[in-house]
Structure formats: C-alpha cells, structure tokens
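Survey of secondary and tertiary structure
The residues making up each chain are set out below.
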Amino acid sequence: MISIDPQLNSERDNYKLMIGSIIPRPIAFVTTQSEEGVLNGAPFSYFSIVSANPPMISLGIQRNQGEMKDTARNIYHKQEFVVHIVDEENLQKVNETAATLPLEVSEIALAKLTPVSSKKIAVPGIVESKIRMECKLVKAIQLGEEKTNTDFIIGEIVQFHIDDSIYHNGKIDAKGLNAISRLAGSDYATIGEIITLERPK
C-alpha cells in the first residue's frame, strides 16, 4: 500500500487523490441571484447532509485563486439559494452551466433551463429537476490558512419540492429519481445496482 503525506503534495495532487477516492459524490445544482437580479446556476459535488433536525445541507464552494465564485457571492448577499438534485434527464443541461461566464450572464438562460418561483424564498429554482430544496443561509465559514480558498456554506431547507412520480409514503424512490453522481475528471455514474443490507441491532 502506498502511504502519502498530503503536506508534501501539491494542492492539485491532493485534489486528484480526493476526487478519485471520495466517490460517488452527489451533485447539487444550486441557483442563486445576484444583486442585479441575474439568476445564476452552478453544479457542486462538495455537497452533503448536515442535520435532519433542522434539515440542513452543506456546500463546499472552492475559490479560484482566492476569487469568490458567483454562487458564494450571491449566497452571502441574498442569504438564500435553491439546491436541486442532478439526475440523468437534466445532466446535459446542468453540465452546460459549469462554463465560466461573466457575472451578468445567466447560466440558466444559456442552458435553456426553466425558472420556477420558490414558495418561501425570493430565489427561483428550475423546473427540470425532480427534487429541489429552498434553503436559507445558516452559516458561512471561510476556510484557508494564508488566504481563503473555500466558502463552506451551511443552509437550512425551508421547503421541499418533490415530483409526484418518485414520492411514495414519505419516501423517495431512488430508481425513479435516477440521481447522477460525480466521479473524477469528466466521469459521472448512475445509481446502478442497489444492495440492501439490514443494519445490525
């Protein structure tokens, strides 16, 4: 077995080890709104559950050479955002939004995604998602030793929107959702085979 000290690695080398090892990662497609009202959309795979009571999620939004991404900037400004689960049907359009664009250009318009009003927050979501979650900012932590390189966002879900076809008796049909996960490089994975194991008592 190879043993590697991350302190002796470059940032890029550590990045490659992490994204190749910590798989599969769920993808959050996040919509935010700028001060000028431009609807921004971007995918993030540094995304997870934080808590069920209250329902909270986290996003790790990496900066580009210390420069804050539009998503993080908009979340700091509006204190609101919408998280969508990426699935096989919307993956192509979501991938288009990963392009680097000027702040005044909407990725939603570029990818021909359809905005939909939220119920409890001002930021719209998109129609092309079987699950979307309206979120309010709980905490934003700037991470980095010499300079901030990550905005770690914790948001509380204040409203769920779930497609009727995948919602049964309070549970989500995983096969019906057909969520896409992120691997390394340009690779993604589908839900694949489901293995069921009873937890020991």
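Look a little higher up for the structure.
Because the structure is predicted, anything quoted here is derived from the model rather than measured.

Details of unusual backbone geometry
Note on backbone geometry: most residues besides glycine have negative phi, and most peptide bonds are trans. Residue P24 follows I23 across a cis peptide bond; omega there is -10°. Following the sequence through the fold, P24 ends up in the loop between α1 (11-21) and β1 (25-26). Following N53, the chain continues into P54 via a peptide bond in cis, with omega recorded as 0°. Here the phi dihedral of Q65 falls at roughly 50°; this positive angle occurs in a residue that is not glycine. Note that Q65 resides in the loop between β5 (55-62) and α2 (70-78). Despite not being glycine, N178 has its phi angle at roughly 55°, a positive value. Following the sequence through the fold, N178 ends up in the loop between α5 (174-177) and β13 (181-182).

Looking at the sheet that holds β13
Here we have three strands laid out as an open sheet, ordered β1-β13-β14, and antiparallel in their pairing. At either end of the open sheet lies a strand with only one pairing partner, and these are β1 and β14 (188-189). Where β1 lies against β13, two bridges are found, and the strand directions are antiparallel. By the bridge assignment, R25 is partnered in β13 with R182.

Digging into the environment of I108
The residue I108 is located in helix α4 (residues 107-110) in this model. For I108 and T31, which are 77 residues apart along the polypeptide, the C-alpha to C-alpha distance reads 8.5 Å. Setting aside anything within four residues of it in sequence, one finds I108 in contact with F29, T31, L39, N40, G41, L113, P115 and I126.

Examining the nonpolar core
With 21 residues, the main nonpolar core has I57, L59, F81 and V83 as its most contacted residues. Mapped onto this core, the elements with two or more residues apiece are β2 (28-33), β3 (39-44), β5, α2, β6 (80-85), β9 (131-143) and β10 (150-162). Considering each element in turn, this core owes the most residues, four residues, to β9. Contacts of L59, omitting those with residues within four sequence positions, involve A28, V30, Y46, F47, I75, F81, D151, F152 and I153.

How each quantity is defined
Residues numbered from 1 in each chain as written. Predicted model: local features only at pLDDT ≥ 70, side-chain atom pairs only at ≥ 80, totals over all residues. Heavy atoms only, no water. Helix = DSSP H or I, 4+ residues; strand = E, 2+ residues; numbered from the N terminus. Pairing = 2+ DSSP bridges. Contact = heavy atoms within 4.5 Å. Core = buried A, V, L, I, M, F, W, Y, C linked by side-chain atoms within 4.5 Å. Buried < 20%, exposed > 50% of the residue type's maximum accessible area, 1.4 Å probe, protein only.

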